[in-house]
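Listed below, chain by chain, are the residues.
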Number of protein chains: 2
Amino acid sequence: MDGSVGVGGRGPLDEERKGAEMDVDAVMALLAGSPEVVEKRRQIRRVIEADEVMSVDDYYFCDRTRRYERALEKTVRFVQLVRMHGWKDQDAIYARRCIREQLPVGLHWAMFIPCIKGQGTKEQQAKWLPLAETMQIVGTYAQTELGHGTFLRGLETTATYDPATESFILNSPTLTSTKWWPGSLGKTATHCVVMARLITKGRDYGTHAFIVQIRDLDTHRPLKGITVGDIGPKFGYDSMDNGFLRFDSVAIPRAHLLSRYAKVAVDGSYSKPLNTKLSYGTMIFVRSHMIMDAALHLKAATTIAVRYGAVRRQSLMDETDTTESKILDYTVQQETLFELLGAAFAFHFAGRILSDLYHRLQASLSSNDLSLLSYTHGTTSGLKAYCSTITSEGIEACRRCCGGHGYSKFSGLPDLYTDYVPACTYEGENVVMYLQCARYLLKMVAAIEQKDPVPSDLAYLGDRSLAAAARKLTSTHGVKNLDNLLLILRAIAVVRIMEAHGALISAQQRYATSGRAWNACAPVLMKAAQAHCRIMVFNYLLEGVRAAHLDDKTHGVLVSLTRFYGLRLASYDVVETDVLTRQAIANMKQAAEDERTVIRRNAVALVDAFDLSDFFLNSALGRADGRVYEALYEYAQKEPMNQHEVSPAVEQHLLPLMQTTRRIFGGQSKL
Amino acid sequence: MDGSVGVGGRGPLDEERKGAEMDVDAVMALLAGSPEVVEKRRQIRRVIEADEVMSVDDYYFCDRTRRYERALEKTVRFVQLVRMHGWKDQDAIYARRCIREQLPVGLHWAMFIPCIKGQGTKEQQAKWLPLAETMQIVGTYAQTELGHGTFLRGLETTATYDPATESFILNSPTLTSTKWWPGSLGKTATHCVVMARLITKGRDYGTHAFIVQIRDLDTHRPLKGITVGDIGPKFGYDSMDNGFLRFDSVAIPRAHLLSRYAKVAVDGSYSKPLNTKLSYGTMIFVRSHMIMDAALHLKAATTIAVRYGAVRRQSLMDETDTTESKILDYTVQQETLFELLGAAFAFHFAGRILSDLYHRLQASLSSNDLSLLSYTHGTTSGLKAYCSTITSEGIEACRRCCGGHGYSKFSGLPDLYTDYVPACTYEGENVVMYLQCARYLLKMVAAIEQKDPVPSDLAYLGDRSLAAAARKLTSTHGVKNLDNLLLILRAIAVVRIMEAHGALISAQQRYATSGRAWNACAPVLMKAAQAHCRIMVFNYLLEGVRAAHLDDKTHGVLVSLTRFYGLRLASYDVVETDVLTRQAIANMKQAAEDERTVIRRNAVALVDAFDLSDFFLNSALGRADGRVYEALYEYAQKEPMNQHEVSPAVEQHLLPLMQTTRRIFGGQSKL
Ligand SMILES: Cc1cc2nc3c(=O)[nH]c(=O)nc-3n(C[C@H](O)[C@H](O)[C@H](O)COP(=O)(O)OP(=O)(O)OC[C@H]3O[C@@H](n4cnc5c(N)ncnc54)[C@H](O)[C@@H]3O)c2cc1C
Ligand SMILES: Cc1cc2nc3c(=O)[nH]c(=O)nc-3n(C[C@H](O)[C@H](O)[C@H](O)COP(=O)(O)OP(=O)(O)OC[C@H]3O[C@@H](n4cnc5c(N)ncnc54)[C@H](O)[C@@H]3O)c2cc1C
């Protein structure tokens, strides 16, 4: 059986790699930060990938219970490896990411510890952080309830202060108040940060964060008054025990209210926080991580689809052709995949810049300067929604580009999608996020009208020369110039945002209340926010590529990708907003076609530069060596149903039916 | 624990049903065909749903092996029920559909039997059909190989005629020639229709269909020379044993070549088919079923999202509101869901009309009239791609409308998506299908240019008055008129199709070959095909609603839905194609807003009219009684991981880690 027949030689991707003009190592170093980081990461990766416990061989064949068990086993091994190798901070985070499995203690690191750091007093931190960091306890963050996710003020869990015992009594007064969804809650966590309504002296002060122990540390049994369990199977996240939790008069010490901002005295008197917005810092931190995560998922999906597209041959492009075309040579695939490649690079740089912004924000907040806050909040809510939407849809688009084999779990793409897509919902549902971004943009429009200062990124909203400048662009050369692409995206956004502004004013006349007017305009508001998001992501990519030190050829490839990406981003709204001449639009199409050719030659090299290992991708189609058919065949042999030549289910159910009928008709066993 | 708190009374959907002005029963009868059919179906449904074997209680908790086993058990029970109750044709099909599980013998009925009917001689039919219909054998259809799906001429399996033994010898000469994907093949089927290259007297005549036995009927063991198995886990289709198959010199009698069209004589001489297009009838049959299936899935998804949207309350629309809004009152949800509601109705009527068309086609083919063939083929390839794309994306959109709970498998939406989405890939990959439709449309343009006759549905392509008529529309009244909406959709399609025509001519000058020029234009060609598909689906809905006998109020609701749907369909391309004045476009938006209000009042009634049972939906969110929170809570208790208070995995892996650390630090069990 000769595996190479029909796929063009032993290393089907060799010819692609030889044909590329860019320096893969240089782009790899650019993305990682430096060649040293690339090397460091490879060392870490080798440790994880060589470890038997970390094996992904059984990944596609485990049911939920087993996936949870394996993930817990990996968690423990991970903690041991971190200790053994002394990995800190970025290195530990990178090591964690190599595992590519939702670890059931994920929320412990991502939410429980950060919450205590952000909202606990010095004393609380001193008590809880050592316990958490050494994993004597495992915590999670329980906010969402059956009845409320988006609308936090609607949460129903109560924490009523009892001065007699100096404790808070937690209750779940209704079915809908049941905590529902928190990760690590169902079976793993011993502790939670619980969001509950603080009630003292008969008054309800709204939701506050409390530390609550839910399981005994010796037996791991739920404590008295606690009902806790797993919420059942989901689209993805098989290894995560998203849970439910109910309280029946559970008492916790007064000191378990996280009291950095709000406090309750021994007698039950409440003192309110100085500024509730101070806790927003954490949110920006989480968002910057979410955008890096979007980039990572998009890198993985495009790596798989591009490599497979360069191996898979299907159909004769012309009847006279003697070999079938690589599917990556079909235009529809290129338009889809290369735009997503651009997005993967753009989100990569966006994540990095947001992380810098977070640090600047923390610095300014700690000196009580709130000026950055609304800008950061307003723009990152849009970015969160934009990047997660594009990434989810992008993964699915990559999957469909792989035809039938994309539907196999072995392609890696189904799990990539189901594990990523909830990012559209958690940490702020995307529609709600876009609308928050739109609200901020309209505030900026108002500020400009009133000649108030606005952040430099928003200054374009007041630039009256934009429209005329865009109209003047006509030549192909003009429209593909990178600065002009930014100008076009801005001209488009101005139209979209002013449309929203106008729609809202007109709706306010037709609707009884401002909330209803706002709701009526929601679709237009979303378009406004999306148009601004496109400027942001394009700009991040542009800055990232401009700042890169690369040889000319390599730089040229990244410039082509940036151009193509900008041209595609503009194509969404350029006609509807009418900012360019028809000639200019036609020239944009031509320019995009030109860049596509350059990207095509370098497509495999570009995804190679993402430096994702075969272990991480766990994909028969995305393998670095391109031996996709061999891999599909080998993976299939491991399917549990293939462990019996004759399926026991067939013996039990089908054979009796067939044989009874056959006996009646007197048939034979070989026909 | 009072489940009703927070959801507004005991029957949260009562108020919606009371507020509707339409007659649900009348629309139900319209969709089913008559009140009698509704009643008949309910009888059948009750039988299936009352049967213990058919229970869906364990559905969300089974791993693949168990899902396959359960599905096989259900299959056998289904066959028994059909015999017991004497269900025939439509009734049997309906009964089958009530089970809502991919049965592992699905391909036996859907492909194996139809293939023998369509391509077998009288004698072959007489031999095989009784065996198949009584289930003495179970067959499937094995076409796709590891290396080839779309490009059938590339299939590599060989069937070489040996006159000495009067048999064909089947071989899988390469790895890529391995049959891969056929449903029912892995573990269930005893026989296949295999597509293989017919080679006789040293000449290769291309792919032909052969009947091949693969497993012994007594032992169910694979026969000599056969390697067969399951291809492993997929995105969905858990209960289906999609399989692989390899041949090592497997001999089958000469009579096993399905010989209705092509024949091989005893001496090996080949006689070729009169007209290969005759077998296209089956393809149209399959497509009409696929479109009904699209309608069914979209009905299920919208039922779930609309009902949940009318129960779920989240956020205050205005700060002064005293109750939270139902999420179905948010505009973004309405725009998404009501368009999909329109599509569900449209696809329903489309499926029915296509099925009529199939019968007309069969009649004309049997009288050797091929005139309908290219029309049917050209348009249904587009429809197949359009309906399956909209349905897949629509199910996901419904899921996201449900926020976090949509991500739970208990919502029903994840499985609805993963089981439906391969319809975008099988029976003709969608990109390829759109391009075939575009090719047909351009042929019609050429025919019109040459003053050749074209089918009446395509006559609009030659209607020179369309553009002017569209331009004249301005008033709200004008743009929302149903005939005018059809006119607008046609005007848009003409622009798109002529754009494609022009692009192709210009590309033919720039590219060396016509295939490469075609490929360069593929994105524009797809837009042209989509624009034509929108006309078709709108027209099917329009005809369906116009032909309905309903009271005025009910009719009015369906007209509102049709209008809203038409306005939304037009909105996709109306600005880019520049067929209307800006004023007209603004009026379209206003008109859509008006219709949305009508649909909102009747949304729950409209989905009630789909008549999908709670058993079928198997959705905690889509329940007819609206008790979504109770259902989520109850479903979760059945999760296998909840059967242990303390997870064995935690005891084995996590507790030791926590306790070791705690011992070192001297901690306590209650903090
Ligand atoms: C995999 C996963 C993991 C999670 N992990 C955690 C966790 O660890 N801890 C935790 O506390 N929670 C967790 N959650 C819950 C998550 O945070 C919520 O699901 C999320 O906040 C969305 O809220 P919701 O589910 O209430 O959606 P809803 O608010 O009910 O949204 C439903 C629909 O209504 C619309 N809508 C709602 N409000 C408005 C409005 N004002 N305007 C317009 N439209 C509106 C939305 O657009 C959406 O389409 C998780 C969820 C998932 C899926
Ligand atoms: C769930 C499921 C069930 C199935 N059941 C069966 C079955 O019972 N029996 C059976 O025989 N098969 C079955 N199949 C296989 C199915 O028919 C094929 O997957 C399908 O025909 C697509 O072919 P492919 O996988 O080769 O995709 P490819 O042709 O490899 O497509 C890959 C990509 O290339 C692009 N492409 C390919 N050719 C062209 C072109 N000429 N122009 C532009 N773009 C192009 C496509 O758009 C696609 O994006 C099943 C598949 C699935 C997923």
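Chain A is annotated in an unreviewed UniProt entry as Acyl-coenzyme A oxidase from Salpingoeca rosetta. Looking at the Sequence similarities (unreviewed entry) heading of the UniProt record, one finds this comment for chain A: "Belongs to the acyl-CoA oxidase family."

Time to look at the packing of aromatic side chains. Residue and element names in this part refer to chain A. Inspection of every chain in the model, using the stated rule, returns 42 aromatic pairs over all chains. Here Tyr205 and Tyr270 contribute two aromatic rings whose centre-to-centre distance is 3.9 Å and whose plane-to-plane angle is 20°, an arrangement assigned as stacked. With a gap of 65 residues between them, Tyr205 in strand β6 (residues 203–213) and Tyr270 in strand β11 (residues 270–271) connect regions that are remote in the sequence. The exposure class of Tyr205 is partly exposed, given its relative accessible area of 26%. Using a relative accessible area of 18% as the deciding quantity, one classes Tyr270 as buried.

Here we come to the sheet that holds strand β7 (residues 226–230) of chain B. The strands that make up a sheet are held in pairs by hydrogen bonds between backbone atoms, and each pair lies either parallel or antiparallel. With respect to topology, three strands assemble into an open sheet ordered β4-β8-β7 (chain B), the strand pairing being antiparallel. Both outer strands of the open sheet, β4 (179–180) and β7 of chain B, are each paired with one neighbouring strand and no more. By the bridge criterion, five bridges tie β7(B) to strand β8 (residues 243–247) of chain B in an arrangement that is antiparallel. Residue B:Gly229 lies in a different strand from β8(B), and its bridge partner there is B:Phe244. Relative to the sheet, helix α22 (residues 628–637) of chain A contacts β4, β7 and β8 of chain B, its axis offset from that of β8(B) by approximately 110°.

Another point: the site of ligand 1. The environment of ligand 1 is formed by 28 residues, the closest being A:Thr144, A:Thr150, A:Glu429, B:Arg312 and B:Gln333. Of the chains in the model, those with residues near ligand 1 are chains A and B. A distance of 3.4 Å is found between an oxygen atom of ligand 1 and a backbone nitrogen or oxygen belonging to B:Cys401. Relative to its unbound accessible area of 960 Å², ligand 1 is 91% covered by the protein chains. By residue class, the composition of the shell around ligand 1 is twelve nonpolar, 13 polar and three charged.

Rules used throughout
- Residues numbered from 1 in each chain as written.
- Chains lettered and ligands numbered in written order.
- Predicted model: local features only at pLDDT ≥ 70, side-chain atom pairs only at ≥ 80, totals over all residues.
- Heavy atoms only, no water.
- UniProt positions renumbered as here; feature names shortened; annotations may be inferred.
- Phe/Tyr/Trp six-rings, centres within 6.5 Å; stacked < 30°, edge-to-face > 60°.
- Helix = DSSP H or I, 4+ residues; strand = E, 2+ residues; numbered from the N terminus.
- Buried < 20%, exposed > 50% of the residue type's maximum accessible area, 1.4 Å probe, protein only.
- Pairing = 2+ DSSP bridges.
- Contact = heavy atoms within 4.5 Å.
- Axes fitted to C-alpha atoms, helices over the stretch in contact; angles between N-to-C directions.
- Near = heavy atom within 4 Å.
- Polar contact = N/O pair within 3.5 Å; in protein donor to acceptor, adjacent residues only side chain to side chain.
- Areas by Shrake-Rupley, 256 points an atom, 1.4 Å probe, with all protein chains shown as cover.
- Nonpolar A, V, L, I, M, F, W, Y, C, P; charged D, E, K, R; others polar.

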